[in-house]
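Single-letter residue listing:
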Amino acid sequence: MSSWSVALRRFPSLLVETPRLTVRPLCADDDKRVAEIFADRLVRRWLPVAQDELEEFDGYAWCTELAVERRDSGAGDHYGIVRREDERLVGCLWTKNTDWLTRSTEIAYAVAADARGYGVAPEAVDVLALSLLLEHRFQRVELRVAPGNVASRRVAEKAGFTYEGLLRNAGSLASGRVDLESWSLLPSDIR
């Protein structure tokens, strides 16, 4: 495959389910709930963006034009985590840093305060990663976790990711530059 055709990749449109959850592309009607999730103090603490960028967060743009732009450029996509029993949006996933030459991507996530502690994040990360690896032929799915984010470390472990090491000074939070733990899931890990 030429580098030109790799550059023109469009991220796959995904809809995956578990008995409890549906992971689906976000839509315009999700905007208020997404804004609520991203406004949560704990979510904001671990997001890789500056505090002033969070103040200007636009849920509608995140669910619509930013998601379309990311998907169409091949960089990734934005997803909603929906609890099947009541159809309530309980979290967000997004893929980023996609490399089509190596067929790798990174998953990030945020879960609503009222849905934390019920295994939503590891279940959603797991089903999305499995879909990317098994159905869409990705060769590597990554999670990056700031040291101290114990909940995200547990998500990585529960979703079956392997700890690879520390990426020094590789991330940025509202509090400043941080190291990042690198976690990965490969097709060979699930076969």
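Residues numbered from 1 in each chain as written. Predicted model: local features only at pLDDT ≥ 70, side-chain atom pairs only at ≥ 80, totals over all residues. Heavy atoms only, no water.

**Quick notes on the packing of aromatic side chains**
The description of an aromatic ring pair uses the distance of the two centres, along with the angle that the planes make with each other. Inclusion rule: To pair, rings of Phe, Tyr and Trp, with the six-membered ring standing in for Trp, must have centres within 6.5 Å; the planes then decide the type, stacked if under 30 degrees apart, edge-to-face if over 60, and tilted in the middle. Buried means the residue's accessible area, taken with a 1.4 Å probe over protein chains only, is under 20% of the maximum for its type, while exposed means over 50%, and partly exposed covers the values in between. Helix and strand labels come from DSSP, where a helix needs a run of H or I of at least four residues and a strand needs a run of E of at least two; each type is numbered from the N terminus.
Per the stated rule, a full pass over the model turns up nine aromatic pairs. Aromatic side chains Phe-57 and Trp-62 sit 6.0 Å apart centroid to centroid with 45° between the ring planes, which places their arrangement in the tilted category. The exposure class of Phe-57 is partly exposed, given its relative accessible area of 26%. Residues Trp-62 and Trp-94 carry aromatic rings whose centres are separated by 5.4 Å and whose planes lie at 90° to one another, so their mutual orientation is edge-to-face. Taken together, the residues span a long stretch of sequence, with Trp-62 in helix H5 (residues 59-63) and Trp-94 in strand E4 (residues 88-99) at a distance of 32 residues. Trp-94 matches Trp-62 in its accessibility class, with the two residues each being buried.

**Looking at the confidence of the model for the protein chain**
Our working rule: Values of pLDDT, which run from 0 to 100, indicate the predictor's confidence residue by residue. Between two residues, a contact is recorded if the distance between any of their heavy atoms is within 4.5 Å.
When pLDDT is averaged along the protein chain, the result is 92; 92% of the residues meet or exceed 70. Across the protein chain, the element-wise mean pLDDT spans from 48 in helix H1 (residues 3-7) up to 98 in strand E6 (residues 140-145). Per-residue pLDDT stays below 50 along residues 1-5; that stretch engages in two contacts with residues further than four places along the chain or on separate chains.

**Observations concerning helix H2 (residues 31-39)**
For the record, the criterion: Taken from the helix axis, the directions to the C-beta atoms give the arc we talk about.
Within H2, burial applies to Asp-31, Arg-33, Val-34, Ile-37 and Phe-38. Seen end-on, H2 carries its buried residues on one side only, within an arc spanning 165°. Contact partners of the buried residues in H2: helix H3 (41-46), H5, E4 and strand E5 (104-111).

**Here we look at the pattern of salt bridges**
Counted only if it meets this: Counted as salt bridges are all cases of a side-chain nitrogen of Lys or Arg within 4 Å of a carboxyl oxygen of Asp or Glu.
This model, assessed by the stated rule, comprises 15 salt bridges. One salt bridge in this structure joins Arg-116 and Asp-40, with 2.5 Å as the shortest N-O distance. With Arg-116 in the loop between E5 and helix H7 (120-135) and Asp-40 in the loop between H2 and H3, the pair connects residues that are 76 residues apart, well separated along the chain. Taking the relative accessible area as the measure of exposure, Asp-40 reaches 19% and is therefore buried. Its salt-bridge partner being Arg-83, residue Asp-86 comes within 2.8 Å of it at the nearest N-O pair. When its relative accessible area of 38% is taken as the criterion, Asp-86 is described as partly exposed. Each member of the salt-bridge network shares a partner with another, and the members are Arg-33, Glu-36, Arg-88 and Asp-114.

**A word on unusual backbone geometry**
Working note: non-glycine residues mostly have negative phi, and peptide bonds are mostly trans. We note that Arg-103 has phi near 55°; this positive angle belongs to a residue other than glycine. Here Arg-103 lies in the loop between E4 and E5. One non-glycine residue with positive phi stands out, namely Asn-169, at about 55°. The residue Asn-169 is located in strand E7 (residues 162-173) in this model.

**A word on the sheet that holds strand E8 (residues 176-185)**
Across a sheet, paired strands are connected by hydrogen bonds in the backbone, their directions being either parallel or antiparallel. This is how it is decided: When DSSP finds at least two bridges between two strands, those strands are taken to pair. Every axis corresponds to a line fitted to the C-alpha atoms, with the helix fit spanning only the stretch in contact, and the corresponding angles, defined between N-to-C directions, vary from 0 to 180 degrees.
If you walk across this open sheet you meet the eight strands as E1-E2-E3-E4-E5-E6-E8-E7, and the pairing is mixed. The open sheet has two edge strands with one neighbour each: strand E1 (16-17) and E7. Note: E6 against E8, five bridges, orientation antiparallel. When the bridges of E8 are listed, Val-145 appears paired with Glu-181. H7 contacts E1, strand E2 (21-25), strand E3 (77-83), E4, E5, E6 and E8 of the sheet and is inclined by roughly 160° relative to E5. On top of the sheet, helix H8 (residues 150-158) reaches E5, E6 and E8; it is set at about 15° to E8, its chief contact.

**Considerations on the nonpolar core**
Our working definition: To define a nonpolar core, start from buried Ala, Val, Leu, Ile, Met, Phe, Trp, Tyr and Cys residues and group those joined through side-chain atoms within 4.5 Å.
One finds Leu-93, Ile-107, Tyr-109, Val-125, Leu-132, Leu-143 and Phe-161 to be the most contacted residues of the largest nonpolar core, which totals 33 residues. Among the secondary structure elements, those contributing two or more residues to this core are E2, E3, E4, E5, H7, E6, H8 and E8. For this core, the element with the highest residue contribution is H7, accounting for nine residues. Not counting residues within four places of it along the chain, the set of residues in contact with Val-125 comprises Leu-93, Ile-107, Tyr-109, Leu-143, Val-155, Ala-159 and Phe-161.

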